[in-house]
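Topology and contacts: notes
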Amino acid sequence: MTHTIDKAVAILRAGGLVAFPTETVYGLGADTGNPEAVRKIFAAKGRPAEHPLIVHLASAKHLSEWAIEIPASAYELAAAFWPGPLTIILKRARRVPDAVTGGQATVGLRVPAHPLALRLLRAFKGGLAAPSANRFGRLSPTTAEHVRQELGERVDLILDGGPCPVGLESTIVDLSSGRPRLLRPGGVTVAQLSEVLGVVPELGGRDAPRASGTMKSHYAPHTPARLLGLGDIIGLSQGAASARLAVLAYHPQPVGLASVVWRTLSAEPAAYGRRLYAALHELDALGCDELLIEAVPDEPAWLAVADRLRRATTRAKRE
Ligand code: TXA
Ligand code: MG
C-alpha cells in the first residue's frame, strides 16, 4: 500500500488526477496549488467551471494556511468533528486559486476521516481539491467500482478503500459571513452543529454561495424516479404489468407483489444513508421504466437522506 500511496503522490505532483476514498463518498483529487490540474477535474466531471471545489487537508493545523479571518467557531467545529464528514466554508487565503473557488471569495475546507485519505494527504503534504468522483449531476460513488464505471480512463489512479462508511456527502456549514448557515445536510447533524456553535445554523437561503449540491436536479439516477408514500407505492405496484418498476423502501416488500423489484434499506437513518447511493446505482442499472422511492420520515435524523431523495426525484433540467 505504501507503494500505491507513493504512486498516487507522484501522479498528483505531476498534475494528474487520483480518486480516493473518504468516509462520505469517493473524491476526485488534484493538487489545489496547480490550476491546470484542477481544470482537469472539471473536464473529467463535465462540471461547470464556476462551481467551487472542497479543499481536503491532513489536519486542522493547516486551516490558517488556506483561510483568513477564521472565527473561533471554525476551530470549535474542527475540534469537534475533524477528521469527519463536515466541510467549513471560510474566507479564502490568497494562495487558493480561482480555479478551485470558481472565483468566489470563500473556500470549503475539510479533513476527511478515511485512513487511506489521511495517508494520502499526509504523504502529499498539501491540499487536495476534490469533488465527488462522479460525472456532473449524477449519483455520488461510494465504491471504487462506481468511480471506475463513471470516470474510467479519465482518472490516472483509483485508490480502493472499500465501501464508504458514511455514504452521503459531508455536511456543509458556511462560517464566512457572521451567522452560521447550513448549505448541505450530511453526516454531522444540525443538532450536533448547534450544540458546538451554541446557535442553530440558518438554512442556506437564496443568497447562499453557489453549491452544485444545492441544485435541484443533483444526485440523480438515469431512471425517472418518484418519491411516494408506502400506500401509493403498493397501489402502483399492484397495477404493474411487468417487472418494469423498481421500488426503494425502508419497509419490507409486502407479500403478493412479486412483479416489482423491491429493495429494502434500513429503517435507521445512518444505516439507510450508508447504503443509499449503492442501492440507487444497482436499481438504476436494471433499466426499469420507473423507480418508486418511499418517502422517509419527516424527522431531523432523516434530513440528509430526505435531501438526497428529493434531488434524486426532481426531474428538473438536466445538465
Ligand atoms: O463529502 C464530501 O463533501 C465529498 C468528499 C469527496 O469530500 N465531496 C463533495 O464534493 O461532495 P462536491 O464538489 O461533489 O460537493 C461539494 C459542494 C458543492 O456543491 C460545492 O459547490 C460546494 O460544496 N462548495 C465548495 N466550495 C464552496 C464554497 N466556497 N462556497 C459554497 N459552496 C461550496
Ligand atoms: Mg458531488
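Residues numbered from 1 in each chain as written. Chains lettered and ligands numbered in written order. Predicted model: local features only at pLDDT ≥ 70, side-chain atom pairs only at ≥ 80, totals over all residues. Heavy atoms only, no water.

1. Details of the pairing of strand 10 (residues 181-184)
If a strand is regular, its side chains alternate between the two faces of the sheet. Operational definition: Strand pairing is assigned whenever DSSP identifies at least 2 bridges connecting the two strands. Strands here are runs of E lasting at least two residues and helices are runs of H or I lasting at least four, both read from the DSSP assignment and numbered beginning at the N terminus.
Here strand 9 (residues 171-174) runs beside strand 10; their pairing, made up of 3 bridges, is antiparallel. Its bridge partner being in strand 10, Asp174 is matched across the sheet by Arg181. Hairpin connection from strand 9 to strand 10: 6 residues lie between these consecutive antiparallel strands, with Gly178 at a positive phi of about 85 degrees. Two elements, strand 10 and strand 11 (residues 202-203), share 2 bridges in a ladder whose sense is parallel. Paired with Leu182 across the bridge in strand 11 is Leu203.

2. With respect to the domain arrangement of the chain
Keep this limit in mind: For the domain bounds, the source is a domain assignment made automatically or taken from a database. Contacts are assigned to residue pairs with any non-hydrogen atoms lying within 4.5 Å of each other. When two components associate, each loses some accessible surface as probed by a 1.4 Å sphere; the sum of these losses over both components is called the buried area. Here, a salt bridge means any side-chain nitrogen of Lys or Arg that lies within 4 Å of a carboxyl oxygen of Asp or Glu.
Each assigned domain of the chain is listed here: domain 1 (2-203) and domain 2 (225-312). Every contact between the two is made by 18 residues of domain 1 and, on the other side, 12 residues of domain 2. Summing the contributions of domain 1 and of domain 2, the shared interface buries around 1300 Å²; its carbon and sulfur component is 64%. When the buried area of domain 1 at its contact with domain 2 is split by residue, Leu139, Leu168 and Pro185 rank highest and sum to 47% of it. Arg308 is the partner of Glu169 in a salt bridge, and the nearest nitrogen-oxygen pair spans 2.7 Å.

3. Some thoughts on the packing of helix 4 (residues 72-81) against helix 8 (residues 190-197)
Here is the rule we go by: To define axes, lines are fitted to C-alpha atoms, for helices over the stretch in contact only, and angles between the resulting N-to-C directions are given on a 0 to 180 degree scale. Roughly parallel covers angles under 35 degrees, roughly antiparallel covers those over 145, roughly perpendicular covers 65 to 115, and oblique covers all other angles. We call a crossing left-handed when the near helix sits turned anticlockwise from the far one by less than a right angle, and right-handed when that turn is clockwise. Amino acids outside the nonpolar list (Ala, Val, Leu, Ile, Met, Phe, Trp, Tyr, Cys, Pro) and the charged list (Asp, Glu, Lys, Arg) are all regarded as polar, and Gly is one of them.
Axis separation between helix 4 and helix 8 bottoms out at 9 Å; the angle between their running directions is 130 degrees. Comparing the axis directions of helix 4 and helix 8 gives the class oblique. Handedness of the crossing formed by helix 4 with helix 8: right-handed. Residues Ser73, Glu76, Leu77, Ala80 and Phe81 of helix 4 touch helix 8, and the partners they reach there are Gln192, Leu193, Val196 and Leu197. Here the residues of the contact of helix 4 with helix 8 are counted per class, giving 6 nonpolar, 2 polar and 1 charged.

4. Section: the packing of aromatic side chains
Which entries qualify depends on this criterion: For Phe, Tyr and Trp, rings pair up if their centres lie within 6.5 Å, where Trp contributes its six-membered ring, and each pair is then called stacked (planes under 30 degrees apart), edge-to-face (over 60) or tilted (otherwise). Buried residues are those whose accessible area, probed at 1.4 Å on protein chains only, stays under 20% of the maximum for their type, while exposed residues exceed 50% and partly exposed ones sit between those limits.
Scanning the entire structure with this criterion turns up 2 aromatic pairs. Ring plane angle 40 degrees and centroid distance 5.7 Å describe the contact between Tyr250 and Trp302, whose orientation is recorded as tilted. Highlighted residues: Tyr250 in the loop between strand 13 (245-249) and strand 14 (261-264) and Trp302 in the loop between strand 15 (290-294) and helix 11 (303-312), separated in sequence by 52 residues. Like Trp302, Tyr250 is buried. Judged by centre distance (5.3 Å) and plane angle (75 degrees), the ring pair of Tyr272 and Trp302 falls under edge-to-face. Of the two residues, Tyr272 is situated in helix 10 (residues 269-285) and Trp302 in the loop between strand 15 and helix 11; the sequence distance between them amounts to 30 residues.

5. Re the sheet that holds strand 14
Pairing within the open sheet is parallel, and its 4 strands lie in the order 12-15-13-14. Edge positions in the sheet fall to strand 12 (225-228) and strand 14, since each of these pairs with one other strand and no more. Each strand of the sheet is rotated relative to its neighbour by a mean of 20 degrees, with strand direction disregarded. Sheet topology places strand 12 next to strand 15; 4 bridges connect them, and they run parallel. If you follow Arg226 over to strand 15, its bridge partner there is Leu292.

6. Some words on the side chain of Thr24
In plain terms, the rule: Nitrogen and oxygen atoms within 3.5 Å of one another constitute a polar contact, given that in protein one can donate a hydrogen and the other can accept it, and given that sequence-neighbouring residues count only through two side-chain atoms.
Mapped onto the elements, Thr24 comes out in the loop between strand 1 (18-20) and strand 2 (27-31). What makes Thr24 buried here is its relative accessible area of 3%. One polar contact links Thr24 to Thr22, side chain to side chain, over a distance of 2.8 Å. Excluding its chain neighbours within four sequence positions, the residues that come into contact with Thr24 are Pro85, Arg110, Thr142, Cys164, Val166, Gly167, Leu168, Glu169 and Ser170.

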